[in-house]
Every structure is written in structure tokens, then in C-alpha cells.
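Remarks on the overall topology
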Amino acid sequence: MTVACVSRKAKPGTRRKLVLDEFAPYRIVALGHAVSGRLARAYRDENITIPEWRVLAVIGEADRVAARDVVRRTPMDKMTVSRAVTSLEQKSFVSRAPDESDRRVSMLSLSPEGRKVFDRVSALALAYEDDLLSTLEPDEAAAFRLALEKLEARANLDDKSGGAE
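Small disclaimer: the values here were computed from a predicted structure and weren't measured.

**Let's talk about the packing of helix H2 (residues 50–62) against helix H4 (residues 78–90)**
Two numbers describe how H2 lies on H4: the axes approach to 9 Å, and their chain directions differ by 80 degrees. Looking at the two axes, H2 sits roughly perpendicular to H4. Between H2, through Pro51, Glu52, Val55 and Leu56, and H4, the contact on the second element is made entirely by Thr80, Val81, Ala84, Val85, Ser87 and Leu88. Here the contact of H2 with H4 is built from residues that sort into seven nonpolar, two polar and one charged.

So, in C-alpha cells, the structure goes:
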């Protein structure tokens, strides 16, 4: 794939032409798909799916988390999260208990075996991130992270305001 740095604005009186390999949203999704696919091999070795890993990661960060907060923290719908949680419970990686202050809320936590899986996959994921970002100079990596934050904020703003895809 050859990518040229060109102005994103069309000259007056002309229409921009969509070139898929230069279309930023497509490239972001393609990169995410490639990265996710590579990491999925580590998840498979632990007998977990990508949605299950995302749930484990959210719970692993917080120790205990409300099931509804997992939905808020991941790019997954409520049904996908529910299926992943159920599967993780069946594998004895996650336990569910009612919240002491609000019995209607389910609190999720990692079991000792779930913690071991989380720690193993986290180490692989972080090593992969280090390898991936090693292609960038430190200032490029910092600029990349800042750009991601700005793009995520804008995409989330568009989602909330009904912006175009």
C-alpha cells in the first residue's frame, strides 16, 4: 500500500474522490482488525474469545466491576457482553455476586484462575504493543497516542450527536 501525503481538501470546483487505501476510517478499521487478529492467537491459546478477553481486561483492571460498566468500557453491545460473562463464568474465570449496596446490580470479579489467564494474556498483549510501537520514534509514538485520543473523542462526539459515518 502506497500512501501519499496529500491535502484532504479538494480544490475549489472539484469533488474529492474516495480512494479506499487513503480513507482514514477504513485504514483505522483495517489496522484494528490486523492487530486484533494477531492478539486473538494469544486468546485462543487460553481458550477465550476476543469478547471474553475484553471482559477479562475490564474486570482485571478494576478487580470488581458492575456488569453494566463492562458494556460502557468496551465497544460491545449488552448481549455480547452478557454472553461473554456467562461463558467466562462457565469456565470458572469470572464470578458474579450481587452488589452489597444495590442487590439489583451484579458485580463481576476474576477467580484465581481468571487472574492467571488475565496476567498471561496481558503480558503477551503488552509485549505485542511494545513490538508494534517500536517501529515509531518516541515522539511519533507520543503523537500517535495523542492523535488516537483526539480521533476517539471526535468519533464519540459524532456518535452522540448523530454525525455521519
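**Details of the pattern of salt bridges**
One pass over the full model with this rule turns up eight salt bridges. With its nearest N and O atoms 2.7 Å apart, the salt bridge here joins Arg120 to Glu46. Of this pair, Arg120 sits in helix H5 (residues 112–133) while Glu46 sits in the loop between helix H1 (24–45) and H2, placing them 74 residues apart in sequence. When its relative accessible area of 38% is taken as the criterion, Arg120 is described as partly exposed. Across the salt bridge formed by Glu61 and Arg73, the nearest N and O atoms sit 3.0 Å from each other. Here Glu61 is found in helix H2, whereas its partner Arg73 is found in helix H3 (residues 67–73), with 12 residues between them in sequence. Residue Glu61 is classed as exposed on the basis of its relative accessible area of 57%. For Arg73, a relative accessible area of 48% puts it in the partly exposed group.

**Here's the deal with the environment of Glu129**
Within the secondary structure, Glu129 is located in helix H5. Overall, Glu129 belongs to the partly exposed group, its relative accessible area being 30%. Glu129 sits 90 residues away from Leu39 along the chain, and the two C-alpha atoms are 9.7 Å apart.

**What about the confidence of the model for the protein?**
Of the residues in the protein, 89% reach a pLDDT of 70 or more, and the chain-wide mean stands at 86. Taking the mean pLDDT of every element in the protein, the minimum, 87, falls on helix H6 (residues 138–161) and the maximum, 95, on H4. A low-confidence stretch, residues 1–6 stays under pLDDT 50, and its non-local contacts, those more than four residues away or across chains, total four contacts.

**Concerning the sheet that holds strand E3 (residues 106–110)**
The three strands lie next to each other as E1-E3-E2, forming an open sheet whose pairing is antiparallel. The open sheet has two free edges, formed respectively by strand E1 (64–66) and strand E2 (94–98), since each of these has just one partner strand. Strand after strand, the sheet turns through a mean of 30 degrees between neighbouring axes, direction not considered. As paired elements, E2 and E3 share five bridges and run antiparallel to each other. Bridged to Arg96 within E3 is Leu108. Where H4 meets the sheet, it contacts E2 and E3, and its direction lies at approximately 110 degrees from that of E2.

**Considering the packing of H1 against H5**
One way to put it is that H1 packs onto H5 with a least axis distance of 10 Å and a crossing angle of 150 degrees. For the element pair H1 / H5, the angle class is roughly antiparallel. As H1 runs across H5, the sense of the crossing is right-handed. Of the residues in H5, those touching H1 at Val35, Arg38, Leu39, Ala42 and Tyr43 are Val121, Leu124, Ala125, Tyr128, Asp131 and Leu132. Counted by class, the contact of H1 with H5 contains nine nonpolar, no polar and two charged residues.

Reading the values: the criteria
Residues numbered from 1 in each chain as written. Predicted model: local features only at pLDDT ≥ 70, side-chain atom pairs only at ≥ 80, totals over all residues. Heavy atoms only, no water. Axes fitted to C-alpha atoms, helices over the stretch in contact; angles between N-to-C directions. Helix = DSSP H or I, 4+ residues; strand = E, 2+ residues; numbered from the N terminus. Parallel < 35°, antiparallel > 145°, perpendicular 65-115°, else oblique. Contact = heavy atoms within 4.5 Å. Nonpolar A, V, L, I, M, F, W, Y, C, P; charged D, E, K, R; others polar. Salt bridge = Lys/Arg side-chain N within 4 Å of Asp/Glu carboxyl O. Buried < 20%, exposed > 50% of the residue type's maximum accessible area, 1.4 Å probe, protein only. pLDDT = per-residue confidence, 0-100. Pairing = 2+ DSSP bridges. Left-handed = near helix turned anticlockwise from the far one by under 90°.

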